[in-house]
Amino acid sequence: MAISAGRGDDEPMMDMNTTPLIDVMLVLLIMFIITIPIQTHAVKVDLPINDPNQVKPPIDPQKNKIVIQPDGVILWNGAATDEATLQQYLVATKALNPEPELHFQPDPAARYEKVDKVLVIIKRSEVTKLGFIGNEQFGNDF
């Protein structure tokens, strides 16, 4: 019982039997996979270590606070800083997305000159989320 693809019974089959070819290719593929050497190289990764004594980063992604003390010292999140470093911190906060809030709290006894200089630094850094803290202490003066 032969199956013929020709027009008549006398003509030979024109289709090629690919089953033995596929079997040979699968055997060759398996042999090739087995003979490949296993990759044994490793990549070293230095993972950060959680240290409780580590200093927190100076910029908080939620809110930052500038305090001017009566003696003219500028505090950024509780740490003393100078005007140049304050400018760098403000530029770095402006680059964050979303921009963190900036709370500004001058002491009532602080010199107006110092407060004005800090406000100019804040304005030049183009901070958009600025809030004044402690204005209620000046309400009784007027």
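Let me begin by describing the structure that accompanies this report. Numbering of residues begins from 1 in every chain and follows the order in which that chain's sequence is written. A pLDDT threshold of at least 70 governs which residues receive local features in this predicted model, and a stricter bar of 80 or more applies before side-chain atom pairs are shown or counted, although totals over entire chains, interfaces and linings include all residues. As a rule here, side-chain values come from all non-hydrogen atoms in the structure, and water together with hydrogens is ignored.

Two rings from Phe, Tyr or Trp (for Trp, the six-membered ring) form a pair when their centres are within 6.5 Å of each other. A pair whose planes differ by under 30 degrees is stacked, one over 60 is edge-to-face, and the rest are tilted. Within this structure, the stated rule accounts for two aromatic pairs. Between W76 and Y89 the ring centres are 5.2 Å apart and the planes differ by 35 degrees, which places this aromatic pair in the tilted class. Taken together, the positions of W76 in strand β2 (residues 74-76) and Y89 in helix α2 (residues 83-95) put the pair 13 residues apart, joining distant regions of the chain. Partly exposed residues are those whose accessible area sits between 20% and 50% of the maximum for their type, while under 20% is buried and over 50% is exposed, using a 1.4 Å probe and protein chains only. With a relative accessible area of 2%, W76 lands in the buried category. For the pair F104 and F132, a centre-to-centre distance of 5.7 Å together with 85 degrees between the ring planes defines the contact as edge-to-face. Placement of the pair is F104 in strand β4 (residues 101-106) and F132 in strand β5 (residues 130-132), with a sequence separation of 28 residues. What makes F132 partly exposed here is its relative accessible area of 44%. Only DSSP runs of H or I reaching four residues or more are called helices, and only runs of E reaching two or more are called strands; each is numbered from the N terminus.

Turning to the environment of K65, a few remarks are in order. Turning to its location among the elements, K65 is positioned in strand β1 (residues 63-68). For K65, a relative accessible area of 33% gives the class partly exposed. With 38 residues separating them in the primary sequence, K65 and H103 have C-alpha atoms 4.5 Å apart. We call two residues in contact when some of their heavy atoms are within 4.5 Å. Residues within four places of K65 in sequence aside, it is in contact with L75, W76, N77, H103 and Q105. In protein, a polar contact requires one atom able to donate a hydrogen and another able to accept it; more generally it is a pair of N or O atoms within 3.5 Å, and residues adjacent in sequence count only if both atoms are side-chain atoms. Of the polar contacts made by the side chain of K65, one reaches the side chain of Q105; its length is 2.8 Å.

With that settled, the discussion passes to a nonpolar patch on the surface. Patch construction takes residues with relative accessible area above 30% that form no salt bridge. Like charges are linked within 9 Å, and nonpolar side chains (Val, Leu, Ile, Met, Phe, Trp, Tyr) are linked within 5 Å. To be clear on the numbers: accessible area is Shrake-Rupley with a 1.4 Å probe, and residue cover counts the displayed protein chains and nothing else. Any carboxyl oxygen of Asp or Glu that lies within 4 Å of a side-chain nitrogen of Lys or Arg is treated as forming a salt bridge with it. On the surface, M16, L21, V24, M25, V27, L28 and M31 cluster together to form a nonpolar patch covering roughly 720 Å² of accessible area. The partly exposed category is assigned to V27, whose relative accessible area is 47%.

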